[in-house]
Number of protein chains: 2
Amino acid sequence: MIPELKFDEKGLISAIIQDAESNEVLMMAYMDKTAIEKTLKTGFTHFWSRSRQKYWMKGETSGNVQEVKEILYDCDEDTLLVKVIQRGAGACHTGERTCFFRSIKKS
Amino acid sequence: MIPELKFDEKGLISAIIQDAESNEVLMMAYMDKTAIEKTLKTGFTHFWSRSRQKYWMKGETSGNVQEVKEILYDCDEDTLLVKVIQRGAGACHTGERTCFFRSIKKS
């Protein structure tokens with residue numbers, strides 16, 4: 001059951017992907033209504049690629065798929081938080097576990 | 001030192017706000033270059049409000065400010081992950097600790 005979500009002018013909604021076990025934020029990507037439906041139906045994250053203008057399943061080539069545990073949405077209904085079990089080496093195409101591996105200001 | 005970041009056509013970049021202690025994802029908001037500079041200079045999160053078209057410091061009225069511990073950026077340089085100490089009751093204007101308090105699909 002998909003609630004009323006606010007998609008942007010391109011029909012997209014931001015999806016923050018978080019490791020359900022470590023709580024590490026892994027990546028950010030974009031879904032449209034169909035990508036959400038594909039994700040719910042298969043249990044694995046699917047996104048809309050803005051650069052390639054096509055749907056993709058995370059890990060479809062690398063094998064680093066993301067098994068969905070929970071999808072939350074925020075108070076404004078314009079952002080998703082997808083909690084996943086990250087399979088394989090990690091989420092980032094660089095080989096890093098998370099796409100957020102560089103820091104502007106160290107704590 | 002702000003690295004080369006990719007701002008969107010409106011000059012904005014998405015900023016995921018994460019609790020530095022619990023690793024809970026608290027909210028998502030938008031920064032432009034000036035908001036990043038204000039955040040770095042003050043040590044507290046500042047954003048650009050797309051609805052109100054003005055800068056705001058998180059907690060400026062509620063007191064629920066966010067002390068910045070670290071700012072990370074992703075492999076594409078188009079998303080920020082800001083780790084904060086959340087002061088006060090929480091991040092969400094509804095009174096919830098996090099803006100992500102509703103779920104589409106329970107685990």
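So, here is what we can say about the structure in this document.

**Concerning the interface of chain A and chain B**
Next, step 1: On the side of chain B, 30 residues touch chain A, which itself brings 30 residues to the contact.
Next, step 2: Counting only elements with at least two residues in the side of chain A that touches chain B, the list comes to strand S1 (13–19), strand S2 (25–31), strand S5 (66–73), strand S6 (79–86) and strand S7 (102–105) of chain A.
Next, step 3: The biggest single contributor to the side of chain A that touches chain B is S5(A), with 5 residues.
Next, step 4: Of the residues contributing to the side of chain A that touches chain B, the split by class is 16 nonpolar, 8 polar and 6 charged.

**What to know about the pairing of strand S4 (residues 54–57) of chain B**
Residues and elements named next belong to chain B.
Next, step 1: Examined bridge by bridge, strand S3 (residues 46–49) and S4 share 4 bridges and lie antiparallel to one another. Along S4, the bridge assignment pairs His46 with Met57.
Next, step 2: Between S3 and S4, which pair antiparallel in sequence order, lie 4 residues; one of them, Gln53, sits at a positive phi of approximately 55 degrees.

**Details of the relation of the copies chain A and chain B**
Next, step 1: Between the two copies, chain A and chain B, the superposition gives an RMSD of 0.0 Å; the rotation angle is 180 degrees and the shift along the axis is 0.0 Å. This pairing of chains is accounted for by a two-fold axis. No C-alpha of chain A lies nearer the rotation axis than that of A:Asn23, which sits 2.9 Å from it.
Next, step 2: In this assembly the copies share their binding face: 100% of the residues contributing to the interface of chain A also contribute to that of chain B.

**What about helix H1 (residues 33–42) of chain A?**
Residue and element names in this part refer to chain A.
Next, step 1: Considered for burial, the residues of H1 that qualify are Ala35, Ile36 and Thr39. Buried residues of H1 fall within an arc of 100 degrees about the axis and therefore sit on the same side. Facing away from the buried surface of H1 by more than 90 degrees, the exposed residues are Thr34 and Lys41.
Next, step 2: Along its buried surface, H1 packs onto S2, strand S3 (46–49), strand S4 (54–57) and S5.

Reading the values: rules and limits
- Residues numbered from 1 in each chain as written.
- Chains lettered and ligands numbered in written order.
- Predicted model: local features only at pLDDT ≥ 70, side-chain atom pairs only at ≥ 80, totals over all residues.
- Contact = placed C-beta atoms within 7 Å.
- Helix = DSSP H or I, 4+ residues; strand = E, 2+ residues; numbered from the N terminus.
- Nonpolar A, V, L, I, M, F, W, Y, C, P; charged D, E, K, R; others polar.
- Pairing = 2+ DSSP bridges.
- Least-squares fit on C-alpha atoms with pLDDT ≥ 70 in both.
- Buried ≥ 20, exposed ≤ 12 C-beta atoms within 10 Å, placed from the backbone.
- Arc of directions from axis to C-beta.

Fair warning: the whole summary comes from geometry, so function is off the table for now.
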